[in-house]
Amino acid sequence: MKFHQTNLNDAWLIELEPRGDSRGHFARTMCHDEFARHGLISDFVQQNMSYSAQRGTLRGLHYQRRPYAEAKLIRCLRGAIVDVIVDIREDSSSYLQHQLFELTDRNQQQLYVPPGFAHSFLTLSDDVEVSYLVSAPYHPASEDGLRYSDEALNISWPTPITVLSEKDANWPLISERTERLF
Ligand SMILES: Cc1cn([C@H]2C[C@H](O)[C@@H](COP(=O)(O)OP(=O)(O)O[C@H]3O[C@@H](C)C(=O)[C@@H](O)[C@H]3O)O2)c(=O)[nH]c1=O
């Protein structure tokens, strides 16, 4: 795996390194030793997948509050997404900054999202399957989120958003918050 630093502190784009032969190829997608060498969390406790039928489906931006904050390792297995993450750690020099990453079933890229980030993705094609590992169990009472259209984030979504859950349409704006985000 090749580890590429992103514009956001502690978030990494991880490039798979497929080894080809006459059958096809093989690639490592997670390795405790390699992750530890780069200071990444690798004690994942749950693997999730989601299927989105339509291009323009947005999920996010989601995170869990402490003590259920999660690191996530995201991979797109079918179709294409733009993955968008926001650093919500007040003590970070990239606080409230975001970055977009295109992950597809072809481009061999995975995204490592550290705890203290809000995470989302928007589908760029129909029939999208995303698989991700998380380092903390699902804890609905600790779920929180940012509104995709929040002016404080100023995210330019690259394709129109046509499918969105009720929950994701109604996350509070940052300006409405009385407590710190994370
Ligand atoms: C996340 C999660 C959801 N669920 C349930 C709750 C609900 O009935 C159904 C769908 O949940 P949601 O609407 O929250 O699914 P979704 O919008 O796909 O949520 C996911 O979005 C992406 C962007 C992330 O980063 C993930 O961590 C997760 O928050 O699945 C679980 O049982 N376990 C889980 O770990």
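Definitions and cut-offs
Residues numbered from 1 in each chain as written. Predicted model: local features only at pLDDT ≥ 70, side-chain atom pairs only at ≥ 80, totals over all residues. UniProt positions renumbered as here; feature names shortened; annotations may be inferred. Helix = DSSP H or I, 4+ residues; strand = E, 2+ residues; numbered from the N terminus. Contact = placed C-beta atoms within 7 Å. Near = placed C-beta within 6 Å. Nonpolar A, V, L, I, M, F, W, Y, C, P; charged D, E, K, R; others polar. Pairing = 2+ DSSP bridges. Core = buried A, V, L, I, M, F, W, Y, C linked by C-beta atoms within 7 Å. Buried ≥ 20, exposed ≤ 12 C-beta atoms within 10 Å, placed from the backbone. Axes fitted to C-alpha atoms, helices over the stretch in contact; angles between N-to-C directions.

**Q** Which parts of the structure should I look at to understand the UniProt feature "active site" (unreviewed entry) in the protein?
**A** Under the local residue numbering, the UniProt record ascribes the feature "active site" (unreviewed entry) to His62 and Tyr132. Their sequence span is 71 residues, while the largest C-alpha to C-alpha distance among them is just 13.5 Å; these annotated residues converge on one region. Within the fold, His62 resides in strand S6 (residues 57–64). Those residues in contact with His62, other than ones at most four positions away along the chain, are Ala118, His119, Ser120, Glu143 and Gly145.

**Q** Help me understand the site of the ligand, please; the structure alone is not making it clear to me.
**A** Neighbouring the ligand are Asn48, Ser50, Arg59, Gly60, His62, His119, Ser120, Phe121, Tyr138 and Ser165. Counting only elements with at least two residues in the shell around the ligand, the list comes to strand S5 (46–52), S6 and strand S11 (117–123). Of the residues in the shell around the ligand, the class split is two nonpolar, seven polar and one charged.

**Q** Explain the pairing of strand S1 (residues 2–5) to me, please; I cannot follow it from the model alone.
**A** The side chains of a regular strand alternate, first on one face of the sheet and then on the other. When S1 meets strand S2 (residues 12–15), the two strands line up antiparallel, connected through four bridges. Across the sheet, residue Phe3 finds its bridge partner in S2, namely Ile14. Counted along the chain from S1 to the antiparallel partner S2, the turn is six residues long, and its residue Asp10 has a positive phi close to 75°.

**Q** Explain the nonpolar core here, please?
**A** Grouped together as the largest cluster of nonpolar side chains are 35 residues, with contacts concentrated most on Ile81, Ile85, Tyr112, Val113, Phe117 and Ala118. Sorting the residues of this core by element identifies S2, S6, strand S7 (72–78), strand S8 (80–87), strand S10 (109–113), S11 and strand S12 (128–134) as the ones contributing at least two each.

**Q** Explain the pairing of S12 to me, please; I cannot follow it from the model alone.
**A** In terms of burial, S12 is largely enclosed, as five of its seven residues are buried. Pairing of S5 with S12 involves seven bridges; the strand directions are antiparallel. Looking at S12, one finds that Gln46 is bridged to Val134. Where S7 meets S12, six bridges bridge the pair, whose relative direction is antiparallel.

**Q** Help me understand the environment of Ser156, please; the structure alone is not making it clear to me.
**A** When you line up the elements, Ser156 lands in the loop between strand S13 (143–145) and strand S14 (163–164). Taking the C-alpha atoms as reference, Ser156 lies 9.2 Å from Leu100; in sequence the two are 56 residues apart.

**Q** What is the right way to read the environment of Val128 from this model?
**A** Secondary-structure assignment places Val128 in strand S12. Sequence-wise, Val128 and Thr57 are 71 residues apart; in three dimensions their C-alpha atoms are separated by 9.4 Å.

**Q** Mind showing me how you'd approach unusual backbone geometry here?
**A** Across the chain, the bulk of peptide bonds are trans and the bulk of non-glycine residues have phi less than zero. For the peptide bond that leads from Gly60 to Leu61, omega is 5°, which places it in the cis range. Structurally, the position occupied by Leu61 is in strand S6. Residues Arg66 and Pro67 are joined by a peptide bond in cis, for which omega reads 5°. Its location among the elements puts Pro67 in the loop between S6 and S7. Not every positive phi belongs to a glycine, and Leu96 is a case in point at roughly 65°.

**Q** Sorry, what's going on with the sheet that holds S2 here?
**A** Sheet strands associate in pairs through backbone hydrogen bonding, adopting either a parallel or an antiparallel arrangement. Sheet architecture is open: six strands sit in the order S1-S2-S10-S7-S12-S5, paired in antiparallel fashion. In the strand order of this sheet, the two ends are held by S1 and S5, each with one partner. Averaged over all adjacent pairs, the angle separating strand axes in this sheet is 25°, with direction ignored. Looking at chain direction, S7 and S10 are connected through three bridges and run antiparallel. Across the sheet, residue Leu73 finds its bridge partner in S10, namely Tyr112.

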